[in-house]
Amino acid sequence: MGHLFSFTYPTAAVLLAIRQGHRYGFDIMDSTGLPDGTVYPLLRRLERRGVLTAAWEDEDTARAEQRPPRRYYRLTAAGESSLSEVAERFPVLVRLFLPEGGTP
Amino acid sequence: MRPPDRNAPGVPWIKWMSRLVPLSRRDRWRKEWEAELVFAWRLMEDDRRSSSMARMGLRWRALGSTIDALEERRQAMTVNGWWSDGRFAVRSLRRTPGFTTVALVTLVLGIGADTAVFSLVDGVLLRPLPFEDPDGLLQIGHVVAEEGDRLGTSQGVYLVYAAHARTLDGIALHRGVAANLMGDIEPQRVTGAAVTPGFFEVLRAPPTLGRTFSEEDGRSGGEPVVILGDALWRSSFGADPQIVGTTIHMDGVSRRVVGVMPARFVWPVRDSRFWVPMIIDAARAPVGDFSPSAVARLTQGSSLEDARTEAATLLSRLPDLREGTEFLRDAGLAARVITLKESVVGEVRTTLWIMVGTVAFVLLIACANVANLLLVRTQERSRELAVRVALGASRFQVGRALFMESFLLSMGGAGLGLVVARTAVAWSVRMAPTSLPRVSGVGVDERAVVVAVLLAGVVALLFGLFPVLRFGSSRIAEMLRAGGTRGGTGGRDRHRLRSALVVAQVSLALVLLVGAGLMIRSVLALREVDAGFNGNGVVAVRLTIPAGEIPDARVTAELQSQLVDQISELPGVETSGLVSHLPLGDGPFFNVELEDHPRGPEELPIMSHVRWASAGYFETVGIPIVEGRSFRAGDDALGLRGVVVSRAFADRWWPQGSAIGRRIRTGFDRDEWWQVIGVTENVHLQRLDVPAEKAIYFPTLSGPSEDPRATRSVDLVVRATGDPLSIIPLIRQETQAIHARIPLANARTMAQVLDDSTARTSFTTSILAVAASVALLLGMVGIYGVVSYVVSRRTREIGVRMALGAQAGTVRRMVVRQGLALAAIGMVIGLAGAFLLSSFLASLLFGVAPTDPTTYSVVTGALVGVAWLACWVPAARAARIQPSRALEAE
């Protein structure tokens, strides 16, 4: 099987950020420092490739806070397995995002 | 509970930008961004960070959504759009190089042939003549009722038209001439035209340098002048801008250059390099010499019909308008007024339209073939297409994806086809018979490109629509069910459609084959025609002794006979002789008088083809003398005025008794009587496909004995024992030895002369033959494709049959029978079509009826053979099917 996506630095950062628990678009931007013009198209692409899936936040939680529900992203199984390759390519980045030695 | 607050900085921008996002994803996209912005804004409010800076920050972030929205848009275009279909089509075509190559080659042949023929037809037939307002130009010629020969316009008749015709805004005479160009430049023989001064005004052709002819230039006794063509001006005078006013030497006459014509003006002969004035002495202009041609321009508001009516009226009043013209009226002289364009292209029109029809057929066959290939391919892709539909692709989208492939194929075909067309056109221009007018200017130009692209579009629609229509969404359910099983032959009517395409191919191929067959038989019949001479081993060279070099006619004739004698002495030469005009070409045709058939002024003059020949001519060219003798050297010295006539002439005028001793003279130049000394076998003087003409041969020194006339331009014919062309350097040497300033031109063997005379028929034949071969090949591929596809689809069924005991031979027969049945239907339709269309070919045929049964049966037989072959290969494969394998394969 070929690669699901090209392993660029932003891709790796976004995947690691999600793995770390930054699951919303703006959170991912904030944690990676990447601009939204980069992050969102990347999220959409990764979603299409089946590396990520997206879902709407629980309606009630949002309603309680009087705001619309947010959309969050998580890694699929394929996404999880691709992280090992991320770790191989960008070891420093992994240490940055997953300092407590969380092996991807 | 309150509804969620959706207000936050940047949210209006998101609403605005969401319009970019495709509808299917727009809502989701907007909500996601809104939710993020609202959430971020909430956090800021909670943290009391909601400063104006923070607002700006959020707005800035919202601005980033633009890129996201644009990306969404692009993605949508890529996923659903033409672009992605195109890329997908390219990929899938590359995955199947076999299919792509066959389809592309087929299309390249089809489109290339069509574009090439379009270029020819466009250049020759459709494009207007390169003159201003060409539609108003006429050619005025004449016919004599009894003989039916087409004549030009004599100077006397021209003067009548010029003086009295009101429907004509000018008329001019022209005649092709050739001259030896001498002086400081390399001596060369160039062709040009003698024209009356009004020639350029009638055509409205202005010169690039200097002026055109004035009335004075056309009067006798004036200063000799010449107008140069662009080609001659460039090649021989280095495009000298100061050329006007200088003097050049032509045929020993010094002529002052008065003008230079532009490059596109090359008229009236194919290779017109100069124009000299035709000198007309108004009082003594001959009325009976109809060799010049006339071009005229209609006055504003007059029609072709008006001009015809007026010409007829003027001819009926001819004796009142000009003296000495009674005999013309009585001869039943009638004007033949046609548009100039008709006169230029008339003869070849049929040929070219047949070519158009031919290539259209080839293209149709090519389309049928590609359509068939695509149907098979679509069939194989039905699973994939069904999945597309199941995933929500509309009928339109599936159709578009399918159409994209045919579109790409046909555009590729157009591109490569243009390359092929360029080569083909270059080849045809070289090969085209010289009688094909305007062919030298033909090339593949932007009009041809437009045609190729349009053709490709039509082609894409033609064959691309079949699979699209077949695979509409209504059939999806069926496709999903059928896609996986390989038992059937892919649906009954889909198979029927493919069969119909094969039937169409076979019938079209048969029509083309019949056409080619008939043409080939015509060529063979023409080859069988006895031209009346034996040209084997004979070479001809044109040479001219200009009056400016040797003014005396007798001296010229002596020089000529000296040359013939010396050349006859050369090693490797059997005999040689001179003739004014070789057979199978043009030549004069005019009125003569017979002593024992006197014609009064109220009677029809006797017309005949006239040639001038020397001693040795008939022997050299192998024209048998059936009675009497031919010319001998020294006849003139003995004061013998003898002529030779053809058998047709003798039979016409002296059917009883011998022609020998009868007396003839030409109707002009105060000619004296000549005695018939011999009768030759008939010779085809003009064309092989018209009967051999009545002819009179005068000696090269003719005219009244006191004021004889030399035939200054002659073809020297030499019969060699070896290779005739190897003699030419020797001939050149001998000629130079006798007179240094006699250029030789146009050396050719008599075999070439014979070939040239059949060039048009051969040209048409080779085009039809190539087209028919391509058609046959494509038809064969078509039959093969369908039969082998059916076999592959029926593998299991055949396996079962064989398991149940069917013999290999039985299976083979079954498959072949099926294929041949299709071919047979096609052939029946094709025979009917050929029968109907053959009448179009009739004017090009010679010695064979358009409905010639032999051709029809031979062609049908050949097609049956080819069809059988095309079926046999897959049939043999079917017969080799191993029952066990076939069943396992499922």
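Here the structure is a predicted model, which means the values were calculated and not measured.

1. Quick look at the nonpolar core
All names here are of chain B.
- Ranked by internal contacts, the top residues of the largest apolar core, which has 52 residues, are Leu512, Ile783 and Leu841.
- If one sorts the elements of this core by residue count, helix H18 (residues 492–528) sits on top with 13 residues.
- Residues Met250, Phe274, Met278 and Ile280 belong to the second largest nonpolar core, which totals 47 residues.

2. Observations concerning helix H25 (residues 795–803) of chain B
Residue and element names in this part refer to chain B.
- Among the residues of H25, Ile798, Gly799 and Met802 are the ones counted as buried. Viewed end-on, H25 has its buried residues packed into an arc of 105 degrees, placing them on one side of the element.
- Glycine 805 sits one or two residues past H25 and shows a positive phi near 110 degrees.

3. Thoughts on the environment of Leu804(B)
All names here are of chain B.
- By the secondary structure assignment, leucine 804 is in the loop between H25 and helix H26 (808–841).
- For leucine 804, a relative accessible area of 72% translates into the label exposed.
- Between the C-alpha atoms of leucine 804 and proline 883, which are 79 residues apart in sequence, the distance is 9.0 Å.

4. Section: the interface of chain B and chain A
- Each partner contributes residues to the interface: chain B has 30 residues there, and chain A has 23 residues.
- For the chain B and chain A pair, buried surface summed over both sides reaches about 2400 Å², with 54% attributable to carbon and sulfur atoms.
- Counting the surface chain B buries against chain A, the share from its top three residues, Glu32(B), Glu36(B) and Arg61(B), is 27%.
- Linking chain B to chain A there are seven salt bridges.
- Ionic pairing is found between Glu72(B) and Arg44(A), a salt bridge with its closest N-O pair at 3.5 Å.

5. Details of the pattern of salt bridges
All names here are of chain B.
- As enumerated under the stated definition, the model contains 36 salt bridges over all chains in all.
- Among the ionic pairs, glutamate 72 bridges to arginine 25, the shortest N-O distance being 2.6 Å. With glutamate 72 in helix H4 (residues 65–80) and arginine 25 in helix H2 (residues 23–46), the pair connects residues that are 47 residues apart, well separated along the chain.
- Glutamate 595 is the salt-bridge partner of arginine 663, the closest N and O atoms lying 3.0 Å from each other. On the criterion of sequence distance, the pair formed by arginine 663 in strand E18 (residues 663–666) and glutamate 595 in the loop between strand E14 (589–594) and strand E15 (606–613) is long-range, its members being 68 residues apart.
- Note on arginine 663: relative accessible area 32%, which makes it partly exposed.

6. A closer look at the environment of Gly218(B)
Residues and elements named next belong to chain B.
- With respect to the secondary-structure elements, glycine 218 resides in the loop between strand E5 (209–210) and strand E6 (225–228).
- Assessed through its relative accessible area of 8%, glycine 218 is described here as buried.
- As for glycine 218 and threonine 196, which are separated by 22 residues in sequence, their C-alpha atoms are 6.3 Å apart.
- Setting aside residues no more than four positions away along its own chain, glycine 218 makes contact with Pro197, Pro277, Met278, Ile279 and Ile280.

7. Structural notes on the packing of aromatic side chains
All names here are of chain B.
- Under the defined criterion, the tally for this structure stands at 17 aromatic pairs over all chains.
- For the ring pair phenylalanine 199 and phenylalanine 200, a centre distance of 5.1 Å and an interplane angle of 85 degrees mean the geometry is edge-to-face.
- Phenylalanine 199 gets classed as buried once you look at its relative accessible area, which sits at 0%.
- For the ring pair tyrosine 617 and phenylalanine 618, a centre distance of 5.3 Å and an interplane angle of 65 degrees mean the geometry is edge-to-face. Assigned by exposure class, tyrosine 617 and phenylalanine 618 land together as buried.

8. Considerations on unusual backbone geometry
Residue and element names in this part refer to chain B.
- A positive phi angle, near 50 degrees, is found at alanine 239, a position not held by glycine.
- Mapped onto the elements of the fold, alanine 239 is located in the loop between helix H9 (230–237) and strand E7 (247–250).
- Accessibility expressed as a relative area gives 22% for alanine 239, which makes it partly exposed.

Parameters at a glance
- Residues numbered from 1 in each chain as written.
- Chains lettered and ligands numbered in written order.
- Predicted model: local features only at pLDDT ≥ 70, side-chain atom pairs only at ≥ 80, totals over all residues.
- Heavy atoms only, no water.
- Core = buried A, V, L, I, M, F, W, Y, C linked by side-chain atoms within 4.5 Å.
- Buried < 20%, exposed > 50% of the residue type's maximum accessible area, 1.4 Å probe, protein only.
- Helix = DSSP H or I, 4+ residues; strand = E, 2+ residues; numbered from the N terminus.
- Arc of directions from axis to C-beta.
- Contact = heavy atoms within 4.5 Å.
- Buried area = accessible area lost by both parts, 1.4 Å probe.
- Salt bridge = Lys/Arg side-chain N within 4 Å of Asp/Glu carboxyl O.
- Phe/Tyr/Trp six-rings, centres within 6.5 Å; stacked < 30°, edge-to-face > 60°.

Remember that the coordinates give geometry; whether it matters functionally is a separate question.
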